[in-house]
Amino acid sequence: MDPAMDCVHLLISGKDTQWRLLVEQRSTGYVWGSGDCEVVGRESRGMAMEQEDQGVMQRSRLQGLKQMSVDKIANIRQRLAEGRRMLRTRSESDELGNSLMTKPECLTNQVGNTRIAVQKDTGRDRQFLSGIFCESSMLTLHNTELEVIPQSVYKLPPNVDRVIVNGKLIFLSTSQTTNANPQVSVCSSVLAETKVNDQNFKKDSVLQSFDLQSNEEILLFSCVHYFQSEETESSDPPSQKTEASKGPFRRLVCVTKDQNGDIQKTVVEPTTSIPSEVAEIKTKDMTEVNSSQTTEFERKTKSQVDLIKHKYSDSYGAYIVVTNLNIYLLKMTLNPVDMFLGYAMQGQMKESETISKSFGLEKNYLLELAGDMRLFESDFSSAVTLYRQAGAKHLKTALKLASNGNVPELLSFLQAIFNTQNLEVSQTEKIHLSNLAMMCYFQQNLVKTFLSRDHFEEKILSFMRQNKWYDQTLAVNQAVETGQWKILNALTQHSGLDFEVGESLVAYMDKMTSQSASKLDEIVRNMASEEKQNMFSTFLLPNLIVSLATNPGAGKSLTKILCHLLPSMNSGQLNSVLHMSCPARRDLQPILCTPPTGLIEMKQFAKSILELFTLTCLVLLKRKAEAGSETGFNKSIVELLMKSSREFETKHDAVVAENILSCGFNHTLFRSSGDGEVTTWGAASEGRLGQGRGNNMTSPPGHLQLFNNVSVRVIQVACGKLHSLALTDAGLYSWGSNQFGQLGVGKFPRQTNRPCLVPCLDNVVQVACGQFHSLSVDSAGVVSSWGWGVHGQSGHGGVEDVHTPRVVDGLKRYKVVQVGAGYAHSLALTHRGEVFVWGSGLFGQMGNGENKKCSWPVKVELPGPAKMISTGYFHNIALMQSEAVMVWGSNPQILRLEAQQRKKEKILQKQLQEKKKLEQLENEKNSWKNEFENETMKEITNEDSVLSIDPEKAVDSLVIPPPEEETNTEMHLSPTLLDISQIDGQINSVSCGSQHTAILTTNGSLYTFGRNLEGQLGLGSRTSIDVPTEVTALRQECVCQVATGADFTTAITDSGTVFGWGSNAAGQLGKAPVEADGGTDSSKVLVMKTTKRIIRLQHGLKNSCDIPKPVQGLSKAGIYSEECPDSVRNERASEFYSTYRKHKLFPPLEPVFHTKLLQTFLHLTVEIFGDNIDMQKLLRKCLVHENPQAAAKISLVERKVMQAYDLTLQAIIKHNKNVPENIFQSFQYYATFKFTSKEEKSQLFERLVACWQDQRYSFVKLENLILNLAEENILHILIFTLFCPITELEDGPDGPGKRNSLTDPRLVDLFSPEFCLKIGDKFIQSVKSTEVEKSSEDQLESVKNIENGVNFEIQLRNIVTEMMEKELT
């Protein structure tokens, strides 16, 4: 029946001939051999067609759709044939009306010796025709129309007489020959398929063969679907069969009857069998595993195996072979899945490949299952091999190992992956694999023995230092939660993860203690000594507190934890706490000096830092006292120690110019003018963006939270290749890679992803970044450098890397006003217009006509003084005061291309010269020939005349045009004048990229020139330009600032919009690059022959832009922006740095706090930051820690003079050294304190006398101290206290000197009369010599009244009071 279910044919086969007979045709109503044998005409059969048409068409369409899903090409052919047949049907309908019955159609004439047979694909439920050409053993498959061109061609074994095609298998029988018995064979249609003209037989296509008896003749070979085996197929793997060795098909079973009628069965042995290795595979019986031991992984694997085996179990039915002697039944005995898994698990991949092709198995899926089974057997190497052959991704393999709990093997697998060069792994997969490896390392370190743990920790650290894909926050959390403090400390030191460590420690402690002090004590108490010390070392990381400025809430919690841990720390650890919380640290000033408008959490954080420092000072001082150190009274710190900030003002003042936009190699920094936020975007590796650690290689615009949190002002930004700088009013901050010391913070950390303060720099007015080095100049014009120095670009006379800022001695004699940093050289401009260069000179950067490097500054000879310089990579530009522009140096790629171009031009010039030479020679010959033909007859008839031509002479006489003058190839070695004729207006600034330059004029116009492969010129094309050309796309805008990167450019307009153009390969234009992952198949790949390094070429056109476009993701950008940087704002350095100067009030920090330094820092902290300290709480702490002198300073700062003096007396008496002198000197200071009132002064003297009495000191000594040391103001206090006592009847404060009646003993009675007379005499002389604000008569009358004893005490008190008040004013 055809696919349309319209025609039914009968195939009649004879010995040598075959016929086809049309039995039924539904479309015409024809039925062969019907009762009336009459064909219904078109008119009479209309009713029948109308009734059957709908059902027939529906079945036809369904069958057509079914065929389309199976084999599109075959279906198209069948539909075309059906169309042709229907056309023939219409033309033959008249003939059918005349003849009542069709005759069989002979097929022999059409197919020749090919034997046609009807086949049915049981799996797809379709019928087709097969043809066997016995002479060549070729099998062809055709549709039911028997088209000439076959659908498929197969090469079969010789002597094939019968064939059954069923899907992927071909069952065939061969006839008996003289050399072989008849056989029944099973072949793979996939392996046996060939081309029409290919006659080679593939022996591998025969899967199995069975030999019959020599005299046995096959009568029938057919597929039977109604036979059902009584045996139940097992779904277990081949190794679980009870028989030792089995083939893929059951052996032929011969069923006969003996003479008695009893049935006998004989098994026919196959000629080929399955290798014994497959049958001997021993796997664990999953069904025998106890339920408690059966893991989810094992159950899932078994379920998947059973499911896919069931899928293929019913694909092939039974086959019956009838011979003249027996009847045989052929049926599958092994599931193809079992066969494949057996071969695959044994490592016989060729055989498993054959099975998968023969049965159409899902090869990769089964290989993965085989790997799962091997993994279940703990054969990890075989499992990984099978996963790799299955094409499974590395992450999937790793997760399978992890889910089965094989951590050591998983770690070995991951190590092998990371050690493989040129591994094609996506970025996301790298991140997951790295995180998985990191967690495996931590898990394995926990189970290692004590002796091997140190060695394994080194492996962990090596992995974390080399791998850049793992999540550092996750690593820190894992280390904290598992208590691996050594790893955490080393990792923090190397990678600058102080912020992540601080946050993780706080979160971990809060979770463990629920913020309960008792639980924290219990945790610390239960720790082993070594573990406790290691934990303390993590809590005492030097930059832990300052790093939490981004999260002040966590910082406050950390300081509280440290305060609670102080009693458990030793002196060295307490010293570390002092260093990490010391108010003299410059990087802590933005936190401690938070303005009133700052964050409340930041103010609380600052208060907790001060509390931690002061409490640590008290604890350590008490420890020192208990250890016998001199920690008692220190008379040098009784007074207020704080000095005026004016003492630290610099003598030199300069202007700090604003620079809010900078471009590095492939990243950008921008500081907005409105809210002052610093935004970064572009390449994100090595932490150069300062946004915290991320795993992505690129990042869209994001903010740096630190500067906003601490309320510092950023005035300049600068970018290197892997690092960045920001100049603020709190100092210079740096972040990114520190491989060569370019951050200026020392050798460690090797990188940091958050801003950190650069020490040893003050009053910086300008900074610049090279590729791997940095420069700064301060208000005095002193240049400092640090970072990469192999080419001498640091300017210190050597080639060593410099890890902290160091002054360039070669420029000390000059006042530098501007610096610039190139790829490997440096530039400086003095206030006189002189330009100095140092570093690499290979490409003419030195400007002295040579290409040698120099490690000290060398002056560049320019035609006049310069007023501005610029450099970025390999070339320099100087803007002269005459408005001329000088250029020197060049990019090496440009030089290489220019050299190649000159070489091509020379070759072309040489070819042109040779061509001209040949043309001239040819012209000369033609002229000679013409002259010879025009000779006179006389010369022709002269036999003696012979025309002789000397070729060499002729050639020498040719006039060869001289070659063109060669271009000067060393122009870049010396400064040359740049053509700026096309620039309209005065030049405002210049910015240099790698191969291009941007020039900005004062009227806001932008001009660019140079290489333009990435569209970095912004001219709308990729053509390079040698002359500055205006960027017309920004003509309607007013550009305020421009910055150039390696191959991209950014600019800010007066509307606040940031434009970018050029390369976007790393997202430096603010949007994600195309194919940023680098793992797509569409990108081009180059492999270096020597290093085998793989270089993937990005799509330049997709990752670049040749016209300026706004950078997306920036806040307040566009014409509605509130940011309008109309002009560059400059600020005096003295004003700019006036906010954060309190650190200068402290003495220099020392590695160890000795007693005197500790006391000084404690008292200065109370004096300077008293407003941010809870004084009453600190006062109680001082008394608890037996430090009355610190308590006295707290009282003095709060202007409680009497309380301060009382506490000072306690300190003096406790110290018990030079007590009388110290008591009196302290009285002198407090009595002369500017905030002490006259009443308090009197009370101070009374307290002095009372203490003198209590200590039983001689009053004669006190009298001598007063007479010898007392100043005039002390004399007034004594007169007021001794001779003007306050009685009960008079108003005045209570005190020891106040009498209840005139008969009470007076304070003056304690002193000798001689002392009183001397004091009185001095006072009289003082009154007479002092100009009191009274008339001379009143003054004289007062003195007379005193001498006459008229109301003596009252008059005296008035005079003394007046003089004391004058002292206060």
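Residues numbered from 1 in each chain as written. Predicted model: local features only at pLDDT ≥ 70, side-chain atom pairs only at ≥ 80, totals over all residues. Heavy atoms only, no water.

Student: Explain the overall build of the protein to me, please; I cannot follow it from the model alone.
Tutor: Per the secondary structure count, the protein includes 40 helices and 49 strands. Long-range pairs, those at least 24 residues apart, make up 62% of the contacts in the protein between residues at least 6 apart in sequence. With the model as given, the accessible surface of the protein reaches about 67200 Å², and the carbon-plus-sulfur share is 50%. (Helix = DSSP H or I, 4+ residues; strand = E, 2+ residues; numbered from the N terminus. Contact = heavy atoms within 4.5 Å. Areas by Shrake-Rupley, 256 points an atom, 1.4 Å probe, with all protein chains shown as cover.)

Student: Sorry if this is basic, but what is going on with the sheet that holds strand 12 (residues 206-211) here?
Tutor: The pairing of strands in a sheet happens through backbone hydrogen bonds and is either parallel or antiparallel. The strand order across the open sheet formed by four strands is 9-10-11-12, and the pairing between neighbours is antiparallel. Edge positions in the sheet fall to strand 9 (160-166) and strand 12, since each of these pairs with one other strand and no more. Strand-to-strand twist of the sheet, defined as the mean angle between neighbouring strand axes without regard to direction, takes the value 15°. Here strand 9 runs beside strand 10 (residues 169-174); their pairing, made up of six bridges, is antiparallel. Following the sheet pairing, Val165 is matched in strand 10 by Ile170. Contacts from helix 8 (residues 349-359) reach strand 10, strand 11 (183-188) and strand 12 within the one sheet, and its direction differs from that of strand 12 by about 85°. (Pairing = 2+ DSSP bridges. Axes fitted to C-alpha atoms, helices over the stretch in contact; angles between N-to-C directions.)

Student: Got a minute to help me understand the nonpolar core in this structure?
Tutor: One broad trend across soluble globular proteins is that nonpolar side chains are buried collectively. Counting 170 residues, the largest nonpolar core has Met464, Phe707, Phe1227, Tyr1230 and Phe1245 as the members making the most contacts within it. Core analysis: the next-biggest nonpolar cluster, separate from the first, contains 37 residues, Cys223, Met339, Met345 and Leu369 among them. (Core = buried A, V, L, I, M, F, W, Y, C linked by side-chain atoms within 4.5 Å. Buried < 20%, exposed > 50% of the residue type's maximum accessible area, 1.4 Å probe, protein only.)

Student: I would appreciate a short explanation of the environment of Met569 in the present structure.
Tutor: Looking at the secondary structure, you find Met569 in the loop between helix 21 (552-565) and helix 22 (571-581). In this structure, the C-alpha to C-alpha distance between Met569 and Gln533, residues 36 residues apart in sequence, is 8.7 Å. Discounting chain neighbours no more than four positions away, the residues touching Met569 are Phe536, Leu540, Leu562, Leu574, Val577 and Arg623.

Student: Just checking my understanding: could you explain the sheet that holds strand 48 (residues 1104-1110) for this structure?
Tutor: Pairing is antiparallel across the open sheet formed by four strands, whose spatial order is 43-44-45-48. What marks the edges here is a single partner per strand, and that holds for strand 43 (1039-1044) and strand 48. With direction set aside, neighbouring strand axes in the sheet form an average angle of 10°. Bridge count between strand 44 (residues 1048-1053) and strand 45 (residues 1058-1063): five bridges; the pairing is antiparallel. Bridge pairing links Thr1049 to Trp1061 in strand 45.

Student: Would you mind showing me how to read helix 16 (residues 485-495) here?
Tutor: For an α-helix the count is 3.6 residues per turn, leaving residues at separations of three or four pointing the same way. Here helix 16 lies mainly inside the structure; nine of its eleven residues are buried. Every buried residue of helix 16 is listed here: Trp485, Ile487, Leu488, Asn489, Ala490, Leu491, Thr492, His494 and Ser495. In this fold, the buried residues of helix 16 make contact with helix 13 (427-447), helix 14 (450-466), helix 15 (472-481), helix 17 (498-513), helix 19 (529-539) and strand 26 (751-757). Gly496 sits one or two residues past helix 16 and shows a positive phi near 65°.

Student: Looking at this model, I keep getting lost on the packing of aromatic side chains. Mind explaining?
Tutor: Aromatic rings considered in pairs are described by the distance between their centres and by the relative angle of their planes. Tallied over the entire structure, the rule returns 28 aromatic pairs. Relative to Phe1311, the ring of Phe1245 has its centre 6.0 Å away and its plane inclined at 20°; by these criteria the two rings are stacked. A residue pair is termed long-range when its members are at least 10 positions apart, and Phe1245 in helix 35 (residues 1238-1254) and Phe1311 in the loop between helix 37 (1272-1282) and helix 38 (1313-1329) qualify at 66 residues. Accessibility assignment for this pair places Phe1245 and Phe1311 in one class, buried. Aromatic ring contacts, followed pair by pair, group Phe740, Phe772, Trp788, Tyr823, Phe843 and Phe874 into a single cluster. The ring of Phe665 carries Lys721 above its face, with NZ or CZ at 4.6 Å from the centroid. (Phe/Tyr/Trp six-rings, centres within 6.5 Å; stacked < 30°, edge-to-face > 60°. Lys NZ or Arg CZ within 6 Å of the ring centre and 35° of its normal.)

Student: So what exactly am I meant to see when it comes to unusual backbone geometry here?
Tutor: Excluding glycine, residues mostly carry a negative phi; peptide bonds, for their part, are mostly trans. The step from Phe748 to Pro749 runs through a cis peptide bond, and the omega angle for that step is 5°. Of note, Pro749 is situated in the loop between strand 25 (731-737) and strand 26. Of note, the phi angle at Glu1186 is positive, near 55°, even though the residue is not glycine. By the element assignment, Glu1186 lies in the loop between helix 31 (1175-1184) and helix 32 (1188-1197).

Student: I'm lost on the pattern of salt bridges in this one. Help?
Tutor: Oppositely charged side chains can form a pair if their charged atoms are brought close together. In the structure shown here, the tally under the stated rule is 31 salt bridges. Ionic pairing is found between Asp762 and Lys1144, a salt bridge with its closest N-O pair at 2.6 Å. Taken together, the residues span a long stretch of sequence, with Asp762 in the loop between strand 26 and strand 27 (764-769) and Lys1144 in the loop between helix 29 (1133-1136) and helix 30 (1155-1168) at a distance of 382 residues. The exposure class of Asp762 is partly exposed, given its relative accessible area of 28%. The buried category is assigned to Lys1144, whose relative accessible area is 17%. Overlapping salt bridges bring together Glu368, Asp372, Lys396 and Lys400 as one network. (Salt bridge = Lys/Arg side-chain N within 4 Å of Asp/Glu carboxyl O.)

Student: How do you make sense of the packing of helix 35 against helix 37 when you look at a structure like this?
Tutor: Between two packed helices, both the angle of their axes relative to each other and the distance between the axes serve to describe the pair. Two numbers describe how helix 35 lies on helix 37: the axes approach to 9 Å, and their chain directions differ by 80°. In terms of axis orientation, helix 35 runs roughly perpendicular to helix 37. Here Lys1238, Lys1241, Ser1242, Phe1245 and Glu1246 of helix 35 lie close against helix 37, whose contacting residues are Ile1277, Leu1278, Phe1280, Thr1281 and Leu1282. Taken together, the residues of the contact of helix 35 with helix 37 sort by class into five nonpolar, two polar and three charged. (Parallel < 35°, antiparallel > 145°, perpendicular 65-115°, else oblique. Nonpolar A, V, L, I, M, F, W, Y, C, P; charged D, E, K, R; others polar.)

Student: Looking at this structure, how should I read the pairing of strand 31 (residues 816-821)?
Tutor: Along a regular strand, successive side chains alternate from one face of the sheet to the other. In this sheet, strand 32 (residues 825-830) lies alongside strand 31 in antiparallel orientation, the contact comprising five bridges. For Gly820, the partnering residue across the bridge sits in strand 32 and is Leu827. Where strand 31 folds back onto strand 32 in an antiparallel hairpin, the turn is made up of three residues.

Student: I tried to follow helix 12 (residues 407-418) on my own but got confused; where do I start?
Tutor: Here helix 12 contains twelve residues, and its C-alpha end-to-end distance of 16 Å stays within 8% of the 16 Å for a straight helix at 1.5 Å per residue. The complete set of buried residues in helix 12 reads Val407, Leu410, Leu411, Phe413, Leu414 and Ile417. Burial along helix 12 is one-sided: seen end-on, the buried residues are contained in an arc of 160°. Against the buried residues of helix 12 lie helix 10 (380-389), helix 11 (394-403), helix 13 and helix 14. (Expected span 1.5 Å × (residues − 1). Arc of directions from axis to C-beta.)

Student: Where do I start with the environment of Gln25 in this structure?
Tutor: Looking at the secondary structure, you find Gln25 in strand 2 (residues 18-25). Along the chain, Gln25 and Cys7 lie 18 residues apart, while their C-alpha atoms are 4.5 Å from each other.

Student: Could you clarify how one ought to interpret the packing of helix 13 against helix 14 in this entry?
Tutor: The contact between helix 13 and helix 14 brings their axes to 10 Å, and the two run at 165°. Judged by the inter-axis angle, helix 13 sits roughly antiparallel to helix 14. The interaxial crossing formed by helix 13 with helix 14 has left-handed handedness. Counting all contacts with helix 13, which are made through Ser434, Ala437, Met438, Tyr441, Phe442, Gln444, Asn445 and Leu446, the residues of helix 14 involved are Arg453, Phe456, Glu457, Lys459, Ile460, Phe463 and Met464. Here the residues of the contact of helix 13 with helix 14 sort into nine nonpolar, three polar and three charged. (Left-handed = near helix turned anticlockwise from the far one by under 90°.)

Student: Looking at this structure, how should I read the confidence of the model for the protein?
Tutor: The predicted coordinates should not be examined in detail at positions where pLDDT is low. With 77% of its residues at a pLDDT of 70 or more, the protein shows a mean pLDDT of 80. Residue range residues 271-294 is modelled with pLDDT below 50. Its contacts to residues more than four positions away, or to other chains, number 45 contacts. Within the model, pLDDT remains below 50 along residues 943-966, and this stretch shows 18 contacts once partners closer than five positions in the same chain are excluded. (pLDDT = per-residue confidence, 0-100.)

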